[in-house]
Amino acid sequence: MLKRDDTTLLDETNANPRKLAWRDGLPYSTEFQDVYFSSDNGLLETEYVFLQGNDLPVRWQHPDLTQFTIIETGFGTGLNFLCAAKLWLAHAPEHAILHFISVEKYPLMLNDISVALALWPQLTALSTPLLHQYNALMDQETISLYDNRVQLSVHIGDATERLARITNMADACFLDGFSPAKNPEMWHAGLFCEMAKHAQASTTFATFTSAGDVRRGLIAAGFKVSKRPGFGKKREMLCGEFIGMHNG
Ligand SMILES: C[S@@+](CC[C@H](N)C(=O)[O-])C[C@H]1O[C@@H](n2cnc3c(N)ncnc32)[C@H](O)[C@@H]1O
């Protein structure tokens, strides 16, 4: 039974907890001076950028699918996870298992993530079990949800450092995180190389940003990169697949 409060929890995991701020009714990071999701509609943004950007609505209808692994940078409020889980439960074969792996340097406290997720009443059926196990997730790194059809792992620490310690291979990558201009410490060549180490022939990626440094870094790491119209006010986004390093 969970009796500890958030402070104890985060002390024990050596995390760097951040108190969530709010701006215009949306979760906001004062440290990065950036939003957790689009003011145009975070849920639709996730569906457009990360789910459609990785072609998941189509890929998850395959009857032979038995498992699928997503690797995400920046768990944040868990909105991307919940949207992915919802799509998975609706489309993937019942016996198949989704493993959603996220790396997060500044995990939110339970109270904050609860308030943030209350913005999405259409996700309550999925967010309630997540919130029940959130402290356990921070303790144990991995929990099972939704009749064991989904496994969620959140590794606390810097994205590049934590990815280097993970052996799982990704079928799809959600490259999230505050914007590269506001969080250059995360978006560097080392991160793209780590992503490539977890990628195989069919691995896809999607990200909300179209920053030139990100595009060039992904190409250098072995990804084929395409531009698509961005969500809401964003002009363009990036998505693509792993094709491996060029020889010579
Ligand atoms: C825009 S938010 C992600 C939103 C999230 N995917 C969601 O569904 O709510 C960016 C996240 O990246 C995390 N982050 C920032 N720098 C990081 C780093 N170097 N390593 C890992 N996570 C980082 C932040 O703490 C924040 O939670």
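Residues numbered from 1 in each chain as written. Predicted model: local features only at pLDDT ≥ 70, side-chain atom pairs only at ≥ 80, totals over all residues. Heavy atoms only, no water.

- In the nomenclature of an unreviewed UniProt entry, the protein is known as MnmC-like methyltransferase domain-containing protein of Methylotenera oryzisoli.

## So, the site of the ligand
- Within the structure, the ligand sits among 22 residues, and Gly74, Thr77, Asn80, Glu104 and Asp176 are positioned closest to it.
- With respect to the ligand, the backbone of glycine 76 contributes an N or O atom lying 3.4 Å from an oxygen atom.
- Take glutamate 104: an N or O atom from its side chain is 2.5 Å from an oxygen atom of the ligand.
- Mapped onto the shell around the ligand, the elements with two or more residues apiece are helix H4 (79-91) and strand S5 (97-104).
- Residue classes in the shell around the ligand are distributed as 9 nonpolar, 8 polar and 5 charged. (Near = heavy atom within 4 Å. Polar contact = N/O pair within 3.5 Å; in protein donor to acceptor, adjacent residues only side chain to side chain. Helix = DSSP H or I, 4+ residues; strand = E, 2+ residues; numbered from the N terminus. Nonpolar A, V, L, I, M, F, W, Y, C, P; charged D, E, K, R; others polar.)

## Some points on the pairing of strand S9 (residues 204-207)
- Of the two faces of S9, both are covered, the one formed by Thr204 and Ala206 as well as the one formed by Phe205 and Thr207.
- Judged from the 4 bridges that link them, strand S8 (residues 172-175) and S9 form a sheet pairing that is parallel. Residue cysteine 173 lies in a different strand from S9, and its bridge partner there is phenylalanine 205.
- Between the parallel elements S8 and S9, the chain passes through helix H9 (residues 189-197) in a crossover that is right-handed. (Buried < 20%, exposed > 50% of the residue type's maximum accessible area, 1.4 Å probe, protein only. Pairing = 2+ DSSP bridges. Right-handed = clockwise from strand over helix to strand, strands pointing away.)

## As for the environment of glutamate 94
- Note that glutamate 94 resides in the loop between H4 and S5.
- Judged by relative accessible area, which is 67%, glutamate 94 ranks as exposed.

## Some details on the packing of aromatic side chains
- As enumerated under the stated definition, the model contains 14 aromatic pairs in all.
- On the basis of an interplanar angle of 75° and a centroid distance of 5.1 Å, the ring pair of phenylalanine 81 and phenylalanine 100 is categorised as edge-to-face. With a gap of 19 residues between them, phenylalanine 81 in helix H4 and phenylalanine 100 in strand S5 connect regions that are remote in the sequence.
- The class of phenylalanine 100 is buried, set by a relative accessible area of 0%. (Phe/Tyr/Trp six-rings, centres within 6.5 Å; stacked < 30°, edge-to-face > 60°.)

## Remarks on the packing of H9 against helix H10 (residues 212-221)
- Two elements in contact, H9 and H10, have axes whose closest approach is 9 Å; the angle formed by their N-to-C orientations is 40°. As the angle between them shows, H9 and H10 are arranged oblique. Two packed elements cross with a definite hand, and for H9 against H10 that hand is right-handed. Touching Phe192, Cys193, Met195 and Ala196 of H9 are Asp213, Val214, Gly217, Leu218 and Ala221, all from H10.
- Tallied by class, the residues present in the contact of H9 with H10 amount to 7 nonpolar, 1 polar and 1 charged. (Axes fitted to C-alpha atoms, helices over the stretch in contact; angles between N-to-C directions. Parallel < 35°, antiparallel > 145°, perpendicular 65-115°, else oblique. Left-handed = near helix turned anticlockwise from the far one by under 90°. Contact = heavy atoms within 4.5 Å.)

## Points about the sheet that holds strand S11 (residues 236-242)
- What the 8 strands build is an open sheet, ordered S6-S7-S5-S4-S8-S9-S11-S10; its pairing is mixed. On the outer flanks of this sheet lie strand S6 (142-145) and strand S10 (223-229), each paired with one strand and no other. Across the sheet, the axes of successive neighbouring strands diverge by a mean angle of 20°, strand direction being ignored.
- Inspection of the sheet shows S9 paired to S11 by 4 bridges, in the antiparallel sense. Bridged to phenylalanine 205 within S11 is glycine 240.
- Sheet strands touched by helix H2 (residues 42-52): S8, S9, S10 and S11. Its angle to S9, the strand with the most contacts, is close to 150°.

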